[in-house]
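Single-letter residue listing:
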Amino acid sequence: MKVVIDNKIPFIREAIAQIAAEAVYLPGKDFTPEAVRDADALITRTRTRCNRELLEGSRVRFIATATIGFDHIDTDYCRRAGITWKNAPGCNSASVAQYLQSALLLLQQERGVRLSDMTLGIVGVGNVGSKIATVGQRLGMKVLLNDLPREEREGKAGFSTLAELAEQCDVLTFHVPLYREGKYKTFHLADEAFFRSLKRRPVIVNTSRGEVIETGALLEALEAGQVSDAIIDVWENEPDINLTLLDKVFLGTPHIAGYSADGKANATRMSLDALCRFFSLEANYRIEPPRPATPVITAHSLTEAALQMYDPRRDCEALRQHTELFEQLRGDYPLRRERRAFTILPQDDYELF
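Residues numbered from 1 in each chain as written. Predicted model: local features only at pLDDT ≥ 70, side-chain atom pairs only at ≥ 80, totals over all residues. Heavy atoms only, no water.

## A short note on the environment of L107
Among the secondary structure elements, L107 is positioned in helix α5 (residues 93–111). Sequence-wise, L107 and D147 are 40 residues apart; in three dimensions their C-alpha atoms are separated by 25 Å. (Helix = DSSP H or I, 4+ residues; strand = E, 2+ residues; numbered from the N terminus.)

What follows is the structure in structure tokens.
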């Protein structure tokens, strides 16, 4: 079996050696029809478009994407061509929760707001959004949930409309897939009309897909004071991001909210498990990220502990200094561990992601 693998997927080389006779590693942009023609399977990230142009005439039978999102896979074409695909739902949900936790605590520290007096609105309450709800609750925030697909399945109880979030929320955070058309369209969900409907000058957070928010409309809303601040990890037209927006946001990072080492290990593990199930292979590998450089943290507050584990200002500053390196900052992202990798002293019961 031959597998072509994105060379930025971590913790995979030793494991795949136990599974495949041949593994080829390529940058995501170098997945070409010639490169995949004799491959049995692909393991990709979001930078590889898996469509007819790439796959037609190949012997590819299976695609795993080591990501939650799968809008880079032409699922209709794969279905017609008999190609099975799998994503990694929830793989980095705790990593995004960690990112939001630190970002919100920084907002409180640097903007002088009290999180416990604020209402958090979550648009999209799947694997990630559900963990964000827990973050908000632990920080003492009132939490409102908006998720049309879940509301239709489960009933209206516990869910709010987008209009209600626009009216009541001090922080609005987006955790939806990118759907360009259809009943649950999320492309430019936050557009000019949405920003005009806001009542409380909220902070806007986007860690889902850049195209969920219309860049020009967000810029106008920031300039007009309809939005007080923005925390943006995902951008339209990546890697050619809007530098004016980067200059105006409270935090701007290079699509790394879900990039903890733990989240990456989860994604790699889920991709390999799916590959083994499809080809009826034995999964006898172990994937575990390395220990952090400083596994013991001394902290005297929740904010201090959270920011020692992960401080998003470092990623923001790196992007602002080198916007031309967006892809490199993302692809060569340094080790970042989640809560379970740390011991916090003194032994206070900090409820942290």
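Now that the structure has been shown, we can carry on.
## Overview of the pattern of salt bridges
Inspection of the entire model under this criterion finds 22 salt bridges. E152 is the partner of K183 in a salt bridge, and the nearest nitrogen-oxygen pair spans 3.0 Å. Note that K183 is positioned in the loop between β8 (171–174) and α9 (192–196) and E152 in helix α7 (residues 148–154), a separation of 31 residues in sequence. Overall, the relative accessible area of 63% leaves K183 in the exposed class. Several salt bridges converge on common partners, so that one network encompasses D262, E288, R337 and R340. (Salt bridge = Lys/Arg side-chain N within 4 Å of Asp/Glu carboxyl O. Buried < 20%, exposed > 50% of the residue type's maximum accessible area, 1.4 Å probe, protein only.)

## Points about α5
The terminal C-alpha atoms of α5 lie 26 Å apart, and with 19 residues this matches the ideal 27 Å at 1.5 Å per residue to within 8%. The buried fraction of α5 is high, at 15 of 19 residues. Positive phi shows up at G112, right after α5, with a value of about 70°. (Expected span 1.5 Å × (residues − 1).)

## Section: empty space enclosed by the protein
All chains considered together, the criterion is met by one cavity of 30 Å³ or more. As a volume, the largest cavity reaches approximately 50 Å³. In terms of lining residues, the largest cavity is bounded by N206, G210, I213, T215, L218, I232, V234, W235, E236 and L245. (1 Å grid on protein atoms, 1.4 Å probe; cavity = no way out; pocket = protein on both sides within 12 Å on 5 of 7 lines; lining within 4 Å. Points joined across faces, edges and corners; volume = space filled by probe spheres on them.)

## Overview of the environment of R291
Here R291 shows up in the loop between α12 (261–279) and β12 (296–298). Classification of R291 as exposed rests on a relative accessible area of 64%.

## As for the layout of surface pockets
Reported here for the second largest pocket is a volume of approximately 380 Å³. Around the second largest pocket sit 20 residues that line it, and M309, R314, P334, L335 and R336 are the ones nearest its centre. Within the residue set of the lining of the second largest pocket, elements represented by two or more residues are α13 (302–309), α14 (312–321) and α15 (326–331). With three residues, α14 is the single largest residue contributor to the lining of the second largest pocket. Looking at the lining of the second largest pocket, its residues break down into 12 nonpolar, three polar and five charged. (Nonpolar A, V, L, I, M, F, W, Y, C, P; charged D, E, K, R; others polar.)

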